[in-house]
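Here is what each chain is made of, one letter per residue.
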Amino acid sequence: MNTYPVRPALESESSQIKGLINLVGINPTGLDWKRFIVVVNEKGQVIACGQIKPHGEDIRELASIAVNPEYRGQGLARVVIEMLLHENPRPLYLMCVSHNGPMYEKFGFQVIADKAMPRYFARIKKLFKLSDVFRRSGQELLVMKLE
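Residues numbered from 1 in each chain as written. Predicted model: local features only at pLDDT ≥ 70, side-chain atom pairs only at ≥ 80, totals over all residues. Heavy atoms only, no water.

Some details on the overall build of the protein chain
From N to C terminus, the protein chain includes four helices and seven strands. Beginning at the N terminus, the succession of helices and strands in the protein chain can be written as β-α-β-β-β-α-β-α-β-α-β. The C-alpha radius of gyration of the protein chain comes to 15 Å, within 12% of the 15 Å expected for a compact globule of 147 residues. Dimensions of the protein chain, computed from C-alpha atoms along their principal axes, come out at roughly 45 × 35 × 25 Å. Burial status across the protein chain gives 44% buried among its 147 residues. The contacts of the protein chain with a sequence gap of at least 6 include a subset with a gap of at least 24, amounting to 63%. Split by element, the accessible area of the protein chain, about 8,500 Å² in all, is 54% carbon and sulfur. The protein chain carries 20 positive and 15 negative side-chain charges, and their two centres are separated by 5 Å. (Helix = DSSP H or I, 4+ residues; strand = E, 2+ residues; numbered from the N terminus. Rg over C-alpha atoms; globule rule 2.2 N^0.38 Å. Buried < 20%, exposed > 50% of the residue type's maximum accessible area, 1.4 Å probe, protein only. Contact = heavy atoms within 4.5 Å. Areas by Shrake-Rupley, 256 points an atom, 1.4 Å probe, with all protein chains shown as cover. Lys, Arg positive; Asp, Glu negative; His and termini not counted. Charge placed at Lys NZ, Arg CZ, Asp CG, Glu CD.)

Notes on the nonpolar core
With 25 residues, the main nonpolar core has Leu 62, Ile 65, Leu 76, Tyr 104 and Phe 109 as its most contacted residues. The biggest single contributor to this core is helix α2 (residues 76-87), with six residues. Core analysis: the next-biggest nonpolar cluster, separate from the first, contains 11 residues, Ile 21, Val 38, Val 46 and Ala 66 among them. (Core = buried A, V, L, I, M, F, W, Y, C linked by side-chain atoms within 4.5 Å.)

What to know about the pattern of salt bridges
Taken as a whole and judged by the stated rule, the model has eight salt bridges. For Arg 78, the salt bridge goes to Glu 82, with nearest N and O atoms at 3.8 Å. Here Arg 78 pairs with Glu 82, and both are found in helix α2, just four residues apart, close to one helical turn. Here Lys 125 ties to Asp 114 by a salt bridge, and the two come within 3.1 Å at their closest N and O atoms. Here Asp 114 lies in the loop between β6 (110-111) and α4 (119-135) and Lys 125 lies in helix α4, a separation of 11 residues in the sequence. (Salt bridge = Lys/Arg side-chain N within 4 Å of Asp/Glu carboxyl O.)

Regarding the environment of Leu 23
Considering the arrangement of structural elements, one finds Leu 23 in helix α1 (residues 14-24). Using a relative accessible area of 51% as the deciding quantity, one classes Leu 23 as exposed. The spacing of Leu 23 and Val 67 is 44 residues in sequence and 9.3 Å in space, taken between C-alpha atoms.

Considerations on α1
Of all the positions in α1, only Ser 14, Ile 17, Leu 20 and Ile 21 are classed as buried. Taken around the axis of α1, the buried residues stretch over an arc of 130°, which confines them to a single face. Of the exposed residues in α1, the ones pointing more than 90 degrees away from its buried face are Ser 15, Asn 22 and Leu 23. Here the buried face of α1 lies against β2 (36-40), β3 (46-54) and β4 (60-67). (Arc of directions from axis to C-beta.)

Some words on α2
The end-to-end C-alpha separation of α2 is 17 Å, in line with the 16 Å expected for 12 residues at 1.5 Å each. Within α2, the full set of buried residues consists of Leu 76, Ala 77, Val 79, Val 80, Ile 81, Leu 84 and Leu 85. (Expected span 1.5 Å × (residues − 1).)

So, in structure tokens, the structure goes:
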């Protein structure tokens, strides 16, 4: 069970957040430290994070959920997600590769059809499909919504 502090990020942690996002290999765009929740270890190092990323006035995305590999399996992602969900109104969207879908379903997110997606997410999904032709990951990009 998590015993590390969970709190809003500090400006001084901006580079640690970016480093963690790069370490785990997720989308490095739109990383504004002011939107992040972080988990820090006893040395004050950011070991997990997440944010709610705005896309216009009424579309918000649960994004940048990252846990340092050395700290996985301790429920840190769950704590970050629960705090972000508690503090933000619905609806919320997220994007993830298909193997992560079941984890987000536990929080009530549901996959939405392409025609039901806001334009931003539809464009990203198309780009993902194009790039996967070269990467051949076999993963689908899911766009999910929590009402």
